[in-house]
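Structure assessment
Letter by letter, the chains look like this.
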Amino acid sequence: MAIKLIAIDIDGTLLNPQREVTPGVKRAIQAARDKGIAIVLASGRPFIGVERYLMELDLQREGQYCITNNGALVQKAESGECVAEVTLNFDDYLYVEKLARELGVHFQALTKSLLFTPNKDISEYTVHEASLTGMPLRYRAVEEMDETATFPKVMMIDTPETLDEAITRIPQEAYDRYTIMKSSPYFLEILNKKVDKGAGVKALAERLGLSRDEVMAIGDQENDLAMLTFAGTGVAMGNGIDKVKNIAQFVTKTNMEDGVAHAIEKFAL
């Protein structure tokens, strides 16, 4: 069947190592969009961190969507309005924050508009996340947090070595309660058990009346596994991790070689 929706991860996939959308990738995306194919940016980033690329690719139009926070939110590209969401509550925040302290790693939590950390020694990776996404960063002690807040995701963050060691000590109970996955060597994301990028793409495909066979997904990291598995055409980036390459139907070129454009031209154009 013809491809009618292309879900594209951002970091390491859409963007080259200089965090740019290359002219070749831009041309391929515009050609697919002009053909009537829905181009859906599907990222671990919040909407504010996706918006600049929606604008750059001229995707902030009526009828266009994006998937943010690793699938927790499906949002209208033109306004950020949520059309589907599955979030964590304050009890989840307390559980994961306590676990992060016990494991000896830093912790952060995202609402739809703010990035919070209870760590007085704010992690350099939390500062990096705020800079990368443009999301305002707030220090808040646990007892100062709004107990009515909801969170698309919370995160454990630290140096790759510290984080990897901590992951080996996460109890099975946590895996039973949440979706837990790495989105980079220094980010471990914890989401509602019903959430991953695959679930987000599935929810959007159903909203648009599309079957799995009409969906292509392109990604490079562990948090892209679910959407590549769901899609009828799952494409791994040449720079992707082995886990992603092993489940993909096709491995495209790297993000230094316009891998996204190569995949779109091969399967959609």
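Throughout, residues of each chain are indexed from 1 in the direction in which the sequence is written. Residues qualify for local features only when their pLDDT is at least 70, as the model is predicted, and side-chain atom pairs are given and counted only at 80 or more; totals for whole chains, interfaces and linings, by contrast, use all residues. Computation of side-chain values covers all heavy atoms of the structure but excludes hydrogens and water.

What to know about the overall build of the chain
Rule in force here: Helix and strand definitions follow DSSP, with helices as H or I runs of at least four residues and strands as E runs of at least two, each counted in order from the N terminus. This radius of gyration counts C-alpha atoms alone. The globule rule is 2.2 Å times how many residues there are, raised to the power 0.38. For each residue, the accessible area found with a 1.4 Å probe, counting protein chains only, is set against the maximum for its type, and the residue is called buried under 20%, exposed over 50%, and partly exposed in between. Two residues qualify as a contact provided that any one of their heavy atoms is within 4.5 Å of a heavy atom in the partner residue. With residues, only the protein chains shown are counted as cover, and all accessible areas are computed by Shrake-Rupley using a 1.4 Å probe. Counted as positive: Lys and Arg. Counted as negative: Asp and Glu, with His and the chain ends omitted from the count. The location of each charge is read from NZ of Lys, CZ of Arg, CG of Asp or CD of Glu.
Within the chain one finds eleven helices and 14 strands. A compact globule built from 269 residues would reach a C-alpha radius of gyration of about 18 Å, and the chain, at 18 Å, matches this within 12%. Taken along the three principal axes of its C-alpha coordinates, the chain extends 55 × 35 × 35 Å. Expressed as a percentage of the 269 residues in the chain, the buried residues total 56%. If you take every contact in the chain between residues at least 6 apart in sequence, the share linking residues at least 24 apart comes to 59%. As displayed, the chain offers around 11,400 Å² of accessible surface, 47% of which is attributable to carbon and sulfur atoms. Here the chain contributes 30 positively and 40 negatively charged side chains, and the mean placements of these two sets differ by 4 Å.

Examining the sheet that holds strand 5 (residues 82–85)
To summarise the sheet geometry, strands pair through backbone hydrogen bonds and adopt either a parallel or an antiparallel arrangement. Where we set the bar: For two strands to pair, DSSP has to find at least two bridges joining them. Axes, fitted as lines to C-alpha atoms, cover a helix only where it is in contact. Angles between the N-to-C directions of the axes lie from 0 to 180 degrees.
What the eight strands build is an open sheet, ordered 5-4-3-2-1-12-13-14; its pairing is mixed. Either end of the sheet is taken by a strand with one partner, and the two such strands are strand 5 and strand 14 (250–251). Bridge count for strand 12 (residues 215–219) against strand 13 (residues 233–236) is four bridges, and the pairing is parallel. Bridge assignment links M216 to a residue of strand 13, and that residue is T233. Here helix 11 (residues 259–267) sits on the sheet and contacts strand 1 (5–8), strand 12, strand 13 and strand 14; the angle it forms with strand 12, its principal contact strand, is near 160°.

Some thoughts on helix 4 (residues 90–103)
Residues spaced three or four apart along an α-helix face the same direction, because each turn holds 3.6 residues. This is how it is decided: In this analysis, the expected span of each helix is defined as 1.5 Å times one less than the number of residues it contains. Polar contact is defined as a pair of N or O atoms within 3.5 Å, subject to the rule that within protein one atom must be able to donate a hydrogen and the other to accept it, and that residues adjacent in sequence are counted only when both atoms are side-chain atoms.
In this model, helix 4 (14 residues) spans 20 Å end to end at C-alpha, consistent with the 20 Å of a helix rising 1.5 Å per residue. Looking only at helix 4, the buried set comprises F90, D92, Y93, Y95, V96, E97, L99, A100 and L103. Here the buried face of helix 4 lies against strand 6 (106–110), strand 9 (153–157), helix 6 (160–167), helix 7 (172–177), strand 10 (178–184) and strand 11 (187–192). By the N-cap criterion, in which a side-chain oxygen at the helix start approaches the backbone nitrogen of a residue two or three places on, helix 4 is capped by N89, the distance to D91 being 3.0 Å. G104 sits one or two positions beyond helix 4 and adopts a positive phi of about 80°.

Points about a nonpolar patch on the surface
We apply this condition: Patch membership requires more than 30% relative accessible area and the absence of a salt bridge. Residues of like charge join within 9 Å; the nonpolar side chains Val, Leu, Ile, Met, Phe, Trp and Tyr join within 5 Å. We count a salt bridge whenever a side-chain nitrogen from Lys or Arg sits within 4 Å of a carboxyl oxygen from Asp or Glu.
On the surface, a nonpolar cluster with roughly 230 Å² of combined accessible area is contributed by I122, V127 and Y139. Secondary-structure assignment places V127 in helix 5 (residues 124–133). Classification of V127 by relative accessible area gives partly exposed; the value is 44%.

Points about the environment of V74
Position of V74 among the secondary structure elements: in strand 4 (residues 73–76). Its relative accessible area of 3% is what places V74 among the buried residues. Here the alpha-carbon distance between V74 and A203, two residues 129 residues apart in the chain, equals 8.1 Å. Those residues in contact with V74 that lie beyond four places of it in its chain are C66, I67, E81, C82, V83, A84, G200 and L204.

Thoughts on the packing of helix 2 (residues 23–34) against helix 11
Any two packed helices are characterised by how steeply their axes cross, that is the angle between the axes, and by the distance between the axes. Quick reminder of the rule: Throughout, the term roughly parallel applies to angles under 35 degrees, roughly antiparallel to angles over 145, roughly perpendicular to angles from 65 to 115, and oblique to all others. Left-handed is the label given to a crossing in which the near helix is rotated counterclockwise from the far helix by less than a right angle, and right-handed is the label when the rotation is clockwise. Residues were grouped as follows: Ala, Val, Leu, Ile, Met, Phe, Trp, Tyr, Cys and Pro as nonpolar; Asp, Glu, Lys and Arg as charged; and all remaining residues, including Gly, as polar.
It is at 8 Å that the axes of helix 2 and helix 11 come closest, and there the two elements cross at 30°. Judged by the angle between their axes, helix 2 and helix 11 are roughly parallel. Crossing angle aside, the handedness with which helix 2 passes helix 11 is left-handed. Only V260, A261, I264 and E265 of helix 11 make contact with helix 2, whose side of the interface consists of G24, V25, A28, I29 and A32. Residue classes in the contact of helix 2 with helix 11 are distributed as seven nonpolar, one polar and one charged.

Observations concerning the nonpolar core
Selection rule: Definition used in this section: a nonpolar core is a set of buried Ala, Val, Leu, Ile, Met, Phe, Trp, Tyr and Cys residues joined via side-chain atoms within 4.5 Å.
Ranked by internal contacts, the top residues of the largest apolar core, which has 32 residues, are I6, I8, L14, L41, I218 and I264. Elements with a minimum of two residues in this core: strand 1, helix 1 (10–14), helix 2, strand 2 (38–42), helix 3 (47–56), strand 12 and helix 11. Discounting residues that sit within four places of it in the chain, I264 has contacts with I6, I8, A28, I29, A32, M216, I218 and L269. Among the nonpolar cores identified, the runner-up in size contains 26 residues, and F90, M145, I180 and L188 belong to it.

Describing the side chain of D158
By the secondary structure assignment, D158 is in the loop between strand 9 and helix 6. One buried charged residue, D158, remains without a salt bridge, the closest side chain of opposite sign being R169 at 9.5 Å. One polar contact links D158 to H106, side chain to side chain, over a distance of 2.9 Å. If sequence neighbours within four positions are ignored, D158 has contacts with G104, V105, H106, Y125, L163 and Y186.

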